[in-house]
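Spelled out from the first residue to the last, the chains are:
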Amino acid sequence: AWGGVSRLVAGLKRIAIIAVGYIAGVLTSILVPVLLITLLEGIEYGNWSLVFTFDWLGSFPLAVLTVAVCALLIVGPAILVAEWLSLRGWFYFAVTGAITSIAFGVLVPGSAGGFVFNPGFLGFLATAGTVAGSVYWLLAGRRSGRLMPRDPG
């Protein structure tokens, strides 16, 4: 009987690790573009005010919630596939993050936040997604499929 309980506890722990990795990835996917754009504005025009003008209390929590819910439509199946097939390579998660970020930026109205749709913006999205996928990989993806039963043969 204890084997089933310990397996349940291990399963719940794995789900918690996936959730923490996912939320960390979501936060990363939002913060990276803000920081990149701030850095470019600061270097190019000496304007570092974006960090202070960004609505950290109002729009940031809403952005986190929006990205977390919408991105899950793309990332959720990718995480399930990774868990099912025990995909643990960094590249899988980095590419999944980049694809998700670009799809989100292109498909979700208003997510571009006033930035003109252009290849540079797609580069920002791809970079943010790659970093977010890497953060997920560090926290949860490296151990994908740990709980799947293995064929002893």
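Not measured: the values here are computed from a predicted model. (Residues numbered from 1 in each chain as written. Predicted model: local features only at pLDDT ≥ 70, side-chain atom pairs only at ≥ 80, totals over all residues. Heavy atoms only, no water.)

## Some thoughts on the confidence of the model for the protein
No. 1: With 81% of its residues at a pLDDT of at least 70, the protein reaches an overall mean of 82.
No. 2: The secondary-structure element of the protein with the lowest mean pLDDT is helix H2 (residues 50–53), recorded at 66, while helix H4 (residues 90–107) shows the highest, at 90. (pLDDT = per-residue confidence, 0-100. Helix = DSSP H or I, 4+ residues; strand = E, 2+ residues; numbered from the N terminus.)

## Points about a nonpolar patch on the surface
No. 1: On the surface, a nonpolar cluster with roughly 320 Å² of combined accessible area is contributed by Leu8, Leu12 and Ile15.
No. 2: Among the secondary structure elements, Ile15 is positioned in helix H1 (residues 2–45).
No. 3: Classification of Ile15 as exposed rests on a relative accessible area of 56%. (Patch = residues over 30% accessible without salt bridge, like charges linked within 9 Å, V, L, I, M, F, W, Y side chains within 5 Å. Areas by Shrake-Rupley, 256 points an atom, 1.4 Å probe, with all protein chains shown as cover. Salt bridge = Lys/Arg side-chain N within 4 Å of Asp/Glu carboxyl O. Buried < 20%, exposed > 50% of the residue type's maximum accessible area, 1.4 Å probe, protein only.)

## Some words on the pattern of salt bridges
No. 1: Counted according to the given criterion, the structure contains one salt bridge.
No. 2: Among the ionic pairs, Glu83 bridges to Arg14, the shortest N-O distance being 2.5 Å. Here Arg14 lies in helix H1 and Glu83 lies in helix H3 (residues 59–85), a separation of 69 residues in the sequence.
No. 3: Judged by relative accessible area, Glu83 falls into the buried class, the value being 12%.
No. 4: You can call Arg14 buried: its relative accessible area is 8%.

## Regarding unusual backbone geometry
No. 1: Despite not being glycine, Ser86 shows a phi value in the positive range, around 55°.
No. 2: Structurally, Ser86 is set in the loop between H3 and H4.

## Some words on the side chain of Ser134
No. 1: As for its placement among the helices and strands, Ser134 is situated in helix H5 (residues 119–139).
No. 2: Those residues in contact with Ser134 that sit more than four places away from it in its chain are Trp90 and Ala94. (Contact = heavy atoms within 4.5 Å.)

## Things to note about the environment of Gly145
No. 1: The topology assignment puts Gly145 in the segment after H5.
No. 2: For the pair Gly145 and Leu85, spaced 60 residues apart in the sequence, the C-alpha separation amounts to 6.6 Å.

## Re the packing of aromatic side chains
No. 1: In the structure shown here, the tally under the stated rule is three aromatic pairs.
No. 2: A centroid spacing of 5.1 Å and a plane angle of 90° characterise the contact between Tyr92 and Phe93, whose relative ring orientation is edge-to-face.
No. 3: Geometry around Trp137 places Arg142 over its ring, the cationic atom sitting 5.8 Å from the centre. (Phe/Tyr/Trp six-rings, centres within 6.5 Å; stacked < 30°, edge-to-face > 60°. Lys NZ or Arg CZ within 6 Å of the ring centre and 35° of its normal.)

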